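Results of the structural survey
Each chain, letter by letter, is given below.
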Amino acid sequence: MTHSTTSTTSTSSAASTSAPGVGKSRGPAAGSSGPAARRSTARRVRDWFGAFVFTVPALVLFGLLVLVPMGYAFYISFFNWGGFGSPSDSVGFANYTRLLDDPVFLGDLWRGLLLVAFSIVLQLPFALAMAVLLNQRLRGRAVYRMLFFAPYVLSEVITGVLFSMIFAPDDGLADKVLGAVGLDGVGGLWFAGQNTVLPTLFLVMTWKYFGFHMMLYLAGLQGIPAELHEAARIDGAGAWQRFRHITLPLLAPTLRISVFLSVIGAIQLFDLVWVISTGGPDHHSETMVISMFQYGFKRYQMGYASAISVAMFLISLVFALAYQRFVLRRDTEGAITSMRANR
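By secondary structure assignment, the location of I315 is in helix α14 (residues 302-326). Residue class for I315 comes out partly exposed when judged on its relative accessible area of 32%. In this structure, the C-alpha to C-alpha distance between I315 and I264, residues 51 residues apart in sequence, is 9.7 Å. The residues contacting I315, other than those within four sequence positions of it, are L109, I267 and M288.

This is how it looks when you write it as structure tokens:
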């Protein structure tokens with residue numbers, strides 16, 4: 001036992017002596033990791049500093065042009081203020097409780113919901129149908145795309161003035177065309193009638209904005225590989241089956257973004273309606289933004305107008321957060337995952 005122990009000890013000593021670098025191999029590695037770690041830290045600091053330098057101007061502008069006005073509007077919504085001097089007549093939450101009893105504001109909410117429903121049910125499907133049609137190999141399809149997108153390029157003021165003349169009662173182009181084809185009774189008051197102003201206004205909105213959504217859908221359709229449709233066609237799938245099982249699922253992210261933009265646009269609709277009807281007749285085409293403008297700059301009730309603006313902001317915020325949470329969740333998670341994978 002003594003001899004074997006002595007032999008083992010001598011063998012271990014010889015091994016350690018014959019390989020001196022084995023016992024000291026961790027020293028240089030530990031020493032070399034220090035500069036590498038410092039360089040990595042310095043690089044991260046430079047990246048954060050560069051991002052901070054380029055972000056600060058945008059944050060300052062956003063704060064001055066968005067956050068400060070929003071905070072001030074929220075502040076004066078607790079006052080009975082006419083817009084002159086300093087707000088001093090504090091009324092607490094009276095302006096917000098007034099919203100719940102104001103038939104004009106409640107009517108604005110109802111009309112906003114109708115415009116949103118019309119847009120989702122009629123305008124967006126029409127834009128999708130035109131996008132699918134113009135995605136085919138048609139002669140002159142670039143010209144058609146330009147013509148259908150052109151109304152979106154026009155300003156809302158020009159569009160409002162144009163259609164105010166087209167739908168002018170008796171003397172407008174619409175009534176003259178209907179009269180020429182023997183449909184005199186179909187025409188009427190258009191924007192001047194309480195029952196016709198909202199449908200006519202939605203017709204103008206569809207003409208103005210469907211080209212924007214059509215271009216969104218065209219961009220999404222061109223991102224779908226043609227091999228998928230070709231394989232489905234070989235397998236015997238018809239046009240409707242290919243559209244239902246290939247086009248719609250792959251176009252779903254674009255459709256969800258289009259719906260989101262349409263809803264937010266309907267909530268914030270102002271200039272087109274203001275030029276055409278100024279919210280009349282008898283508030284039947286009025287929106288929340290027009291009510292805010294009327295109370296603030298026509299009736300000098302800045303406190304109540306600010307309460308309407310805060311209510312609009314909360315409606316838009318709640319919708320945006322809920323839509324992102326329950327509808328856009330898969331899209332945002334996929335984008336974040338792909339960004340992390342590319343790093």
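Attention shifts here to the packing of helix α4 (residues 94-101) against α14. Axis separation between α4 and α14 bottoms out at 9 Å; the angle between their running directions is 70°. In terms of orientation, α4 lies roughly perpendicular with respect to α14. Across the interface between the two elements, N95, Y96, R98 and L99 of α4 pack against G303, Y304, A307, I308, V310 and A311 of α14. By residue class, the composition of the contact of α4 with α14 is seven nonpolar, two polar and one charged.

When you line up the elements, L109 lands in helix α5 (residues 103-134). In this structure, L109 is in contact with M288 and I315, ignoring residues within four places of it in sequence.

This part is about helix α8 (residues 173-180). Since there are 3.6 residues in each turn of an α-helix, residues three or four apart along the chain are aligned in direction. Restricting attention to buried positions, one finds in α8 the residues A174, D175 and L178. In a view along the axis of α8, the buried residues occupy a sector of 95°, so they form one face of it. Counted as exposed and oriented over 90 degrees from the buried face of α8: L173, K176 and A180. For α8, the secondary structure elements touched by its buried residues are α7 (156-166).

So, on to a nonpolar patch on the surface. On the surface, F62, L67, M70, F313, L314, L317 and L321 cluster together to form a nonpolar patch covering roughly 630 Å² of accessible area. Residue assignment for the nonpolar patch shows that the elements contributing at least two residues are α3 (26-76) and α14. Looking at which element gives the most residues to the nonpolar patch, the answer is α14, with four residues. Looking at where F313 falls in the secondary structure, it is placed in helix α14. Classification of F313 by relative accessible area gives partly exposed; the value is 39%.

A word on the side chain of S306. Tracing the chain through its elements places S306 in helix α14. Since its relative accessible area comes to 7%, S306 is described here as buried. One polar contact links the side chain of S306 to the main-chain carbonyl oxygen of M302, over a distance of 2.8 Å. Not counting residues up to four positions away in its chain, the partners in contact with S306 are A73, I76 and S77.

Cut-offs and rules
- Residues numbered from 1 in each chain as written.
- Predicted model: local features only at pLDDT ≥ 70, side-chain atom pairs only at ≥ 80, totals over all residues.
- Heavy atoms only, no water.
- Helix = DSSP H or I, 4+ residues; strand = E, 2+ residues; numbered from the N terminus.
- Buried < 20%, exposed > 50% of the residue type's maximum accessible area, 1.4 Å probe, protein only.
- Contact = heavy atoms within 4.5 Å.
- Axes fitted to C-alpha atoms, helices over the stretch in contact; angles between N-to-C directions.
- Parallel < 35°, antiparallel > 145°, perpendicular 65-115°, else oblique.
- Nonpolar A, V, L, I, M, F, W, Y, C, P; charged D, E, K, R; others polar.
- Arc of directions from axis to C-beta.
- Patch = residues over 30% accessible without salt bridge, like charges linked within 9 Å, V, L, I, M, F, W, Y side chains within 5 Å.
- Areas by Shrake-Rupley, 256 points an atom, 1.4 Å probe, with all protein chains shown as cover.
- Salt bridge = Lys/Arg side-chain N within 4 Å of Asp/Glu carboxyl O.
- Polar contact = N/O pair within 3.5 Å; in protein donor to acceptor, adjacent residues only side chain to side chain.

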